[in-house]
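Topology and contacts: notes
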Amino acid sequence: MTVHFVGAGPGAADLLTLRAVELLRAAPVCLYAGTYIDGEVLAHCAEGAELVDTRHLDLDEITARLVDADRRGLDAVRLCSGDPSLYSALTEQTRRLDAAGVAWDVTPGVPAYAAAAALLGTELTVPEVAQTVVLTRTQARSTRMPETESLVNAARLRGTLVLHLAIRRVRALAEELVPEYGADCPAVVVAHASRPNELVLRGTLDDIADQAEVAGLRHTAVILVGPALAGRDPGVDEAVCSHLYDPNRDRSQAP
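Per an unreviewed UniProt entry, the protein is named Precorrin-4 C11-methyltransferase, and its organism is Actinorugispora endophytica. Per its UniProt entry, the protein bears the Pathway (unreviewed entry) comment "Cofactor biosynthesis; adenosylcobalamin biosynthesis." Under the heading Sequence similarities (unreviewed entry), UniProt records this for the protein: "Belongs to the precorrin methyltransferase family."

Encoded structure:
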């Protein structure tokens, strides 16, 4: 049988892929992260499916449930919030499944940063402003970060920075980013993107922490920083076009 790692997207039940919905409808067992995935998403599951909330289980306990489903001849879906390629412990789980001889595959989902950008109506890569997006997190009560991946090193690129799992340290992080980006750099916090309680806080590195603390945000939020977030503000040069769409480009040649 097969364990299907499925990206549940940012939260909205209608933002799952068609493939994800088909797998949920067919799977007799579904393990899900209850902190992030609600009943509307789980409504895609088959009637009578075995639902397991993993929020209080460790990795070995989760793996044991998946292996048990396989031994019983049952397919299982492991629902991950957002996309499995980011902070999903996919590598750790699949390594254990390989050792147990259990087949698995992966179905992508809409990542949190994409849902946040969509809610903002903002492109994270703007011509001659930012062409690099850095997806990262910081270390507090979490897995140790590699020494080369400090926040300062990421900020030195001055691209669009997306911080996951960091909202509880927003003040310290904003202060750490000011030397590279400047206090007036646009900063946005997006919480619960795509859900009925979604929240957008727009500001700068100088004031975004104040807003986030007043809102009482504790999890399920991403922090975005960078000049590309100025969007259609008057300070952005509207004459600058992407090379692909530039009216002066020779279209007889490949891009």
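1. What to know about the packing of aromatic side chains
The full count for this structure, using the stated rule, is one aromatic pair. With a centroid separation of 6.4 Å and 85 degrees between ring planes, the pair formed by Phe5 and Trp104 is classed as edge-to-face. Of this pair, Phe5 sits in strand 1 (residues 2-7) while Trp104 sits in strand 5 (residues 103-107), placing them 99 residues apart in sequence. On the basis of relative accessibility, which here comes to 0%, the residue Phe5 falls in the buried class. The class of Trp104 is partly exposed, set by a relative accessible area of 32%.

2. Quick word on the environment of Val29
Its place among the elements puts Val29 in strand 2 (residues 29-32). Val29 sits in the buried class, given a relative accessible area of 2%. Each C-alpha atom, one on Val29 and one on Val77, is 6.3 Å from the other, the two residues being 48 residues apart in sequence. Setting aside chain neighbours within four positions, we find Val29 in contact with Glu50, Ala69, Arg72, Leu74, Asp75, Ala76 and Val77.

Scoring rules and cut-offs
- Residues numbered from 1 in each chain as written.
- Predicted model: local features only at pLDDT ≥ 70, side-chain atom pairs only at ≥ 80, totals over all residues.
- Heavy atoms only, no water.
- UniProt positions renumbered as here; feature names shortened; annotations may be inferred.
- Phe/Tyr/Trp six-rings, centres within 6.5 Å; stacked < 30°, edge-to-face > 60°.
- Helix = DSSP H or I, 4+ residues; strand = E, 2+ residues; numbered from the N terminus.
- Buried < 20%, exposed > 50% of the residue type's maximum accessible area, 1.4 Å probe, protein only.
- Contact = heavy atoms within 4.5 Å.

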